[in-house]
Amino acid sequence: MSRSAGDLVLEAQGLDRSFGGIHAVDDVSLEVPEGSLHAIIGPNGSGKTTLFNLITGHTRPTSGRVRFAGEDITGMPYSKVARKGLAKSYQITTVFPLLTVFENVRIAAQAAGHAYVFWRPADGIRAVTRRTEEVLERIGLAADRDVVASNLSHGDQRRLDLAIALATSPRLLLLDEPTAGMSPPETAATVELVQELNRDVTILMIEHKMDVILTIADRITVLHQGRKLFEGTPDEVRDHPEVKEVYLTGSR
Ligand SMILES: Nc1ncnc2c1ncn2[C@@H]1O[C@H](COP(=O)(O)OP(=O)(O)OP(=O)(O)O)[C@@H](O)[C@H]1O
Ligand SMILES: [Mg+2]
């Protein structure tokens, strides 16, 4: 398959989802080009996480379509979507608390490794070990490889969660508030890491911290009450009167 900078990794069209009387996501469309860092912002309850769940297959849309790397994945379960190269890093829920950092990442690398065929099992094991070490180095956890996950600081547990997602060599990485609950230095380190990951992975992220989003995003989609209120570059979002209004009078 030939890829160019303008290729869309993700294309969502008219996504819609209600829960009882609540219209959580209301006719939202989204286009994420290969290599970009696209952010979703919006007040509490504006539908950001639901939109993610519609994309990953955790929630079925009432209507609308999702295309990933040119393929229609609407309604496909996440286990299948993940194998196609869409990874998400939500909270530390994917971390096995009693295993070491190395073991946690190795399991993810191994799970993704089924795509390769090796003549000898030993070659497969070596490839998985190499990938694990490479990811730990990249995420800055190499020195903590033998630490039991539950003993890591909150910030490092979130890093481990990112490492697990990265170990599967995804084509698109979805991050739901990667800096939530982090101190300012931890936030700065995570922002740097996300930017570094974006050098070879397309990223779609939800983030509440405006300063973070305005510095790192290529494009920003603003949700409000389930609908797309605005979409544009950080400069356009910063100057948009309705966005300012929602953020000044909104719930946070
Ligand atoms: N499984 C569900 N069942 C019922 N209502 C739901 C469900 N999931 C989400 N909602 C409702 O849909 C709306 C959008 O919620 P969602 O979690 O997507 O918002 P959000 O933008 O991620 O908010 P936050 O900033 O607090 O994370 C809210 O009113 C929420 O209560
Ligand atoms: Mg949310």
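See the structure above.
Report follows, based on the coordinates. (Residues numbered from 1 in each chain as written. Chains lettered and ligands numbered in written order. Predicted model: local features only at pLDDT ≥ 70, side-chain atom pairs only at ≥ 80, totals over all residues. Heavy atoms only, no water.)

## Digging into the site of ligand 1
Line of reasoning, step 1. Every residue near ligand 1 is listed here: Phe19, Ile22, Ala24, Pro43, Asn44, Gly45, Ser46, Gly47, Lys48, Thr49, Thr50 and His208.
Line of reasoning, step 2. A distance of 2.8 Å separates an oxygen atom of ligand 1 from a polar backbone atom of Gly45.
Line of reasoning, step 3. Coverage of ligand 1 by the protein chains reaches 60% of its 630 Å² of free accessible surface.
Line of reasoning, step 4. Of all the elements, helix H1 (residues 48-56) adds the most residues to the shell around ligand 1, at 3 residues.
Line of reasoning, step 5. The residue inventory of the shell around ligand 1, partitioned by class, reads 4 nonpolar, 7 polar and 1 charged. (Near = heavy atom within 4 Å. Polar contact = N/O pair within 3.5 Å; in protein donor to acceptor, adjacent residues only side chain to side chain. Areas by Shrake-Rupley, 256 points an atom, 1.4 Å probe, with all protein chains shown as cover. Helix = DSSP H or I, 4+ residues; strand = E, 2+ residues; numbered from the N terminus. Nonpolar A, V, L, I, M, F, W, Y, C, P; charged D, E, K, R; others polar.)

## As for the pattern of salt bridges
Line of reasoning, step 1. Taken as a whole and judged by the stated rule, the model has 14 salt bridges.
Line of reasoning, step 2. Across the salt bridge formed by Asp146 and Arg145, the nearest N and O atoms sit 3.9 Å from each other.
Line of reasoning, step 3. The partly exposed category is assigned to Arg145, whose relative accessible area is 28%.
Line of reasoning, step 4. Taken together, the shared-partner salt bridges in this structure form one network comprising Arg138, Glu196, Arg199 and Asp200. (Salt bridge = Lys/Arg side-chain N within 4 Å of Asp/Glu carboxyl O. Buried < 20%, exposed > 50% of the residue type's maximum accessible area, 1.4 Å probe, protein only.)

## Section: the pairing of strand E10 (residues 227-232)
Line of reasoning, step 1. Pairing analysis gives 5 bridges linking strand E9 (residues 219-224) to E10, with the strands arranged antiparallel. Across the sheet, residue Ile220 finds its bridge partner in E10, namely Gly232.
Line of reasoning, step 2. Where E9 hands over to E10, the hairpin turn is made up of 2 residues, of which Gln225 adopts a positive phi near 50°. (Pairing = 2+ DSSP bridges.)

## What to know about the environment of Met210
Line of reasoning, step 1. By the secondary structure assignment, Met210 is in helix H7 (residues 210-216).
Line of reasoning, step 2. Each residue touching Met210, except ones within four places of it in the same chain, is listed here: Ile41, Val237, Val243 and Tyr247. (Contact = heavy atoms within 4.5 Å.)

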